[in-house]
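# A look at the structure
Residues per chain, in single letters:
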Amino acid sequence: MDKTAVLIPCYNEGKTIEKVVRDFRAALPDAVVYVYDNNSSDGTAEIAAAAGAVVRHEYSQGKGNVIRRMFREVDAECYIMADGDDTYPAENAPEMVSRVLERKADMVVGDRLSSTYFTENRRPFHNTGNSFVRASINRLFKCDIKDIMTGYRAFSYEFVKTFPVLSEGFEIETEMSIHAADKRLRVENVVVTYRDRPEGSVSKLNTFSDGIKVLRTIGRLFRTYRPMEYFGLLSTVLMLLGVLFVIPVLEDYAQTGMVARFPTLIVCGFVMLAAIISFFAGLLLMTLRMKDRQEFEMRLHAASDQKKRLMKEKKD
């Protein structure tokens with residue numbers, strides 16, 4: 001079991017990966033630097049190995065798939081995750097590690113948005129998207145995470161071994177943030193200096209297609225983690241629509257004693273039924289969520305016990 005593991009997912013980062021590996025080895029001399037290559041064609045794996053990294057491979061394309069593999073294979077007391085594009089300074093890594101090992105944080109977020117991100121990043125839609133996603137998640141999940149989509153984070157052993165990776169691509173960071181907020185894990189923010197990619201290094205993130213995936217992930221996880229709020233809102237909207245359209249029918253009936261618009265009345269009845277079903281679906285799923293929370297706490301205890309066993313075996 002490593003004391004600290006630096007995890008770097010990579011896809012065609014041959015221009016920057018050598019510097020990134022060397023910077024993290026200098027900042028964390030006792031850490032093991034792992035580079036997980038995701039089908040690169042520019043020699044990323046060979047360059048990383050020459051720079052002193054432990055190189056492994058994930059052949060299913062997508063950042064989420066790479067992180068799933070890393071979290072499954074690497075055991076460490078503290079994990080640092082960073083991109084291989086040299087946009088995150090390794091100098092902040094020791095502070096992030098100390099937040100996990102000494103302050104018992106479950107996740108430490110490398111906060112770009114509070115420093116230089118908006119001036120360094122040359123893609124304006126990314127700036128708007130980051131701000132919108134941060135505001136949405138903090139409001140929906142009642143948390144205070146300063147940078148939702150940063151790729152620079154530190155994790156505890158317990159977080160890594162109990163986090164269910166469901167996303168395949170860049171929406172994985174959003175999933176991590178929502179998971180931590182929902183499970184009431186200890187999250188701390190460390191302001192880091194962001195620098196844009198160097199000349200010749202190309203981002204693999206598509207502003208619009210990946211942005212849509214992130215928004216869909218937020219919606220999916222809001223439905224999963226906050227079912228009463230999600231289905232309660234749906235129930236309220238349906239109920240209001242039903243009442244709105246049935247009022248004219250009732251007015252006609254009160255004046256004439258006849259129902260002139262039977263189709264409208266029938267549709268309103270079905271809309272009201274849908275509202276009632278939605279409400280009780282939210283109640284049922286909320287009960288299941290409480291059961292899931294209890295099971296997650298037991299998984300946390302099991303992960304903590306496993307960590308103690310691994311540390312004892314390492315000492316022996």
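Residues numbered from 1 in each chain as written. Predicted model: local features only at pLDDT ≥ 70, side-chain atom pairs only at ≥ 80, totals over all residues. Heavy atoms only, no water.

Let us look at the side chain of Arg 226. Here Arg 226 lies in the loop between helix 9 (207-225) and helix 10 (227-256). By relative accessible area, Arg 226 is classed as buried at 11%. Within the local environment of Arg 226, its side chain forms a polar contact with the side chain of Asp 182, the two groups lying 2.9 Å apart. For Arg 226, the contacting residues outside a window of four places in its chain are Leu 140, Phe 141, Asp 182, Leu 221 and Arg 293. (Helix = DSSP H or I, 4+ residues; strand = E, 2+ residues; numbered from the N terminus. Buried < 20%, exposed > 50% of the residue type's maximum accessible area, 1.4 Å probe, protein only. Polar contact = N/O pair within 3.5 Å; in protein donor to acceptor, adjacent residues only side chain to side chain. Contact = heavy atoms within 4.5 Å.)

We now examine the pattern of salt bridges. One pass over the full model with this rule turns up 23 salt bridges. Here Arg 69 ties to Glu 73 by a salt bridge, and the two come within 3.7 Å at their closest N and O atoms. Placement of the pair is Arg 69 and Glu 73 together in helix 3 (residues 63-73), with a separation of four residues, close to one helical turn. Judged by relative accessible area, Arg 69 falls into the partly exposed class, the value being 26%. Two residues, Asp 144 and Lys 146, come together in a salt bridge whose shortest N-O distance is 3.3 Å. Look at Lys 146 and you get partly exposed, because its relative accessible area is 31%. Here the salt bridges share partners, and the residues they tie into one network are Asp 182, Lys 183, Arg 226, Arg 289, Asp 292 and Arg 293. (Salt bridge = Lys/Arg side-chain N within 4 Å of Asp/Glu carboxyl O.)

Membership of the largest hydrophobic core comes to 40 residues, with the highest contact counts inside it found for Leu 7, Phe 71, Tyr 79, Phe 155, Phe 159 and Met 176. For Phe 159, the contacting residues outside a window of four places in its chain are Asp 106, Met 107, Met 176, His 179, Ala 180 and Leu 185. Counting residues in hydrophobic clusters, the runner-up holds 32 residues, among them Val 6, Ile 17, Val 21 and Ala 51. (Core = buried A, V, L, I, M, F, W, Y, C linked by side-chain atoms within 4.5 Å.)

What the rule picks out here adds up to 12 aromatic pairs. Their ring planes at 20° and their centres at 5.0 Å tell us that Phe 155 and Phe 159 sit as a pair that is stacked. Of the two residues, Phe 155 and Phe 159, both sit in the buried class. Both rings, one in Phe 222 and one in Tyr 230, keep their centres 6.3 Å apart while their planes meet at 65°; by these two values the pair is edge-to-face. One aromatic cluster in this structure is built from Phe 71, Tyr 79, Phe 155, Phe 159 and Phe 163. (Phe/Tyr/Trp six-rings, centres within 6.5 Å; stacked < 30°, edge-to-face > 60°.)

Bringing unusual backbone geometry into the picture now. Most peptide bonds adopt trans geometry, and most residues besides glycine take a negative phi value. Phi at Asp 86 takes a positive value of approximately 65°, unusual for a residue other than glycine. Asp 86 gets classed as buried once you look at its relative accessible area, which sits at 10%. The backbone of Lys 142 sits at a positive phi, close to 55°, despite the residue not being glycine. By the element assignment, Lys 142 lies in the loop between helix 6 (124-140) and strand 6 (153-156). Judged by relative accessible area, Lys 142 falls into the exposed class, the value being 65%.

A few words now on the pairing of strand 6. Neither face of strand 6 is left uncovered, since the one carrying Arg 153 and Phe 155 and the one carrying Ala 154 and Ser 156 both have all their residues buried. The pairing of strand 4 (residues 76-81) with strand 6 spans four bridges and is antiparallel. Looking at strand 6, one finds that Cys 78 is bridged to Ser 156. Bridge count between strand 5 (residues 107-111) and strand 6: three bridges; the pairing is antiparallel. Residue Val 109 lies in a different strand from strand 6, and its bridge partner there is Arg 153. (Pairing = 2+ DSSP bridges.)

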